[in-house]
Amino acid sequence: MPEFTLHCFAESGNAYKAALMLELTGQRWQPRFVDFFNGQTRDPAWREEHNEQGEVPVLEHGARTFTQSALILDYLAGLTGQYAAHDEDEKREIWRWMLFDNHKFTSYYAALRFFYCLKQTGDTPVTQFLRERATAAYRVVDVHLADTPFMVGGRLTIADLSLAGYVFMPEDTGMAVQQFTHIEAWKDRIRAEPGWKHPYELMPRQA
Ligand SMILES: N[C@@H](CCC(=O)N[C@@H](CS)C(=O)NCC(=O)O)C(=O)O
C-alpha cells in the first residue's frame, strides 16, 4: 500500500523533483496523473480539492497535503534525513539555491520549453527573452559547479534535486546546454545515484 500519492505528469519537471526524491529515498509512493494539457489544473473543482494555487506537484501523505516542490523536498528531507542539511548554515544555503531555482533556473527554462517545445510556437520575442534569461541562470549554476561536485556541502542534497527538475528533459529548447560543461558533469553524478530514474520513466504521460 503506497504511503504517498504524488499528483503529477511526466512532462512536469517541478513534479519530477518530488518524484525523484520519493524514489531515491525508497518511499512507497504512487503517481496520480494530472491532465495538465487539457486544463485540469485550471479546473476550479480540481483547485478546490487539491491546490488553490493551480499547480502540480501536489503530495499527499496521510491526511496532509503539500504543494510547492521546494517545500515538498524540505518535508521529505526532514522526514527521511536523506539529502538534508547537516546544520543551519547548510539549510540556509540549500534554501538560497532552491529559491534561485524557483525564481530563475527552473522558471525561465520551463516557460521556454513550454512555449517552444510543447506549444511549438516557434521562435518569438517571448521565447528569445526566456532563452536569454534561462541561459544567464544556467551560467550562474555552471560557475558555481566549477568548484564543487554538488550545489551544497559537496554531496547530493535537495538543492540539487530542485535544480535538476528540467535538466534531464530531452526536448531541444534551442539553448546550447552543452556549453555548460560543469552542469553536464553534475548531471552525470546525479544520474549515477543508485535508484535514479528519468522523469519519463517515473511519472505517467497522457495516453
Ligand atoms: N513553484 C512551483 C511551480 C509549479 C509549477 O509551475 N507547476 C506547473 C507544472 S510543471 C503547473 O502546474 N502549472 C500550472 C499553471 O501554471 O497553470 C513548484 O516548484 O512546485
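How each quantity is defined
Residues numbered from 1 in each chain as written. Predicted model: local features only at pLDDT ≥ 70, side-chain atom pairs only at ≥ 80, totals over all residues. Heavy atoms only, no water. Helix = DSSP H or I, 4+ residues; strand = E, 2+ residues; numbered from the N terminus. Rg over C-alpha atoms; globule rule 2.2 N^0.38 Å. Buried < 20%, exposed > 50% of the residue type's maximum accessible area, 1.4 Å probe, protein only. Areas by Shrake-Rupley, 256 points an atom, 1.4 Å probe, with all protein chains shown as cover. Lys, Arg positive; Asp, Glu negative; His and termini not counted. Charge placed at Lys NZ, Arg CZ, Asp CG, Glu CD. Pairing = 2+ DSSP bridges. Phe/Tyr/Trp six-rings, centres within 6.5 Å; stacked < 30°, edge-to-face > 60°. Near = heavy atom within 4 Å. Polar contact = N/O pair within 3.5 Å; in protein donor to acceptor, adjacent residues only side chain to side chain. 1 Å grid on protein atoms, 1.4 Å probe; cavity = no way out; pocket = protein on both sides within 12 Å on 5 of 7 lines; lining within 4 Å. Sits in = over half its atoms within 2 Å of the grid points. Nonpolar A, V, L, I, M, F, W, Y, C, P; charged D, E, K, R; others polar. Domains from an automatic or database assignment. Contact = heavy atoms within 4.5 Å. Buried area = accessible area lost by both parts, 1.4 Å probe. Salt bridge = Lys/Arg side-chain N within 4 Å of Asp/Glu carboxyl O.

As for the overall build of the protein
Working step 1: For the protein, the count of helices and strands is eight helices and four strands.
Working step 2: The linear arrangement of helices and strands in the protein, starting from the amino end, is β-α-β-α-β-β-α-α-α-α-α-α.
Working step 3: Here the protein has a C-alpha radius of gyration of 17 Å; the compact-globule value for 207 residues is 17 Å, and the two agree.
Working step 4: Projected onto the principal axes, the alpha-carbon positions of the protein cover approximately 45 × 45 × 25 Å.
Working step 5: The buried share of the protein, taken over its 207 residues, is 49%.
Working step 6: In the form shown here, the protein has an accessible surface area of approximately 10,000 Å², with 50% of it arising from carbon and sulfur atoms.
Working step 7: Side chains of the protein give 21 positive and 28 negative charges; the mean places of these two sets differ by 2 Å.

Some thoughts on the pairing of strand β2 (residues 29–33)
Working step 1: As paired strands, strand β1 (residues 4–8) and β2 are joined by five bridges and run parallel to one another. Paired with Thr-5 across the two strands is Gln-30, which belongs to β2.

Comments concerning the packing of aromatic side chains
Working step 1: Enumeration over the complete set of coordinates arrives at 13 aromatic pairs.
Working step 2: Where Phe-105 meets Tyr-138, the ring centres are 4.3 Å apart and the plane angle is 15°; that geometry is what we call stacked. Placement of Phe-105 in helix α4 (residues 88–118) and of Tyr-138 in helix α5 (residues 125–145) is noted, with a sequence separation of 33 residues between them.
Working step 3: On the numbers, 4.9 Å between centres and 65° between planes, the contact of Phe-168 with Trp-196 is edge-to-face. One end of the pair, Phe-168, is in the loop between α6 (158–163) and α7 (181–191); the other, Trp-196, is in the loop between α7 and α8 (199–202), with 28 residues separating them in the sequence. Trp-196 shares its class with Phe-168; the two are buried.
Working step 4: Taken together, the ring pairs connect Phe-9, Phe-36, Phe-37, Phe-114 and Phe-115 into an aromatic cluster.

What about the site of the ligand?
Working step 1: Near the ligand lie 13 residues; those nearest to it are Ser-12, Val-56, Gln-68, Ser-69 and Asn-102.
Working step 2: Asn-14 places a polar side-chain atom, nitrogen or oxygen, 3.4 Å from an oxygen atom of the ligand.
Working step 3: Within the side chain of Gln-68, a nitrogen or oxygen atom sits 2.8 Å from a nitrogen atom of the ligand.
Working step 4: A total of 510 Å² of accessible area belongs to the ligand in isolation, and the protein chains cover 77% of it.
Working step 5: More than half of the atoms of the ligand fall within 2 Å of the grid points belonging to the largest pocket.
Working step 6: In terms of residue class, the shell around the ligand is made up of five nonpolar, seven polar and one charged.

Digging into the pairing of strand β3 (residues 58–61)
Working step 1: Pairing of β1 with β3, which is carried by four bridges, proceeds in the antiparallel orientation. The residue of β3 that forms the bridge with His-7 is Val-58.
Working step 2: In the sheet, β3 pairs with strand β4 (residues 64–67) via four bridges, with the strands oriented antiparallel. Bridge pairing in β4 links Val-58 to Thr-67.

Structural notes on the domain arrangement of the protein
Working step 1: Along its sequence, the protein is organised into domain 1 (4–82 + 196–202) and domain 2 (88–191).
Working step 2: Each of domain 1 and domain 2 was reduced to a C-alpha centroid, and the two centroids are 19 Å apart.
Working step 3: At the interface, 23 residues of domain 1 touch 21 residues of domain 2.
Working step 4: Taking both partners together, domain 1 and domain 2 bury about 1,700 Å²; carbon and sulfur atoms supply 70% of that area.
Working step 5: Three residues, Lys-17, Ala-70 and Trp-196, lead the burial of domain 1 against domain 2; their summed loss comes to 30% of the area buried on that side.
Working step 6: Counting the contacts that link domain 1 with domain 2 gives one salt bridge.
Working step 7: We note a salt bridge from Asp-101 to Lys-17, for which the minimum N-O separation is 2.8 Å.
Working step 8: Counting the contacts that link domain 1 with domain 2 gives nine residue pairs in polar contact (both at pLDDT 80 or more).
Working step 9: Elements that contribute at least two residues to the side of domain 1 that touches domain 2 include exactly α1 (13–24), α3 (69–80) and α8.
Working step 10: Residues belonging to the side of domain 1 that touches domain 2 are distributed by class as follows: 14 nonpolar, six polar and three charged.

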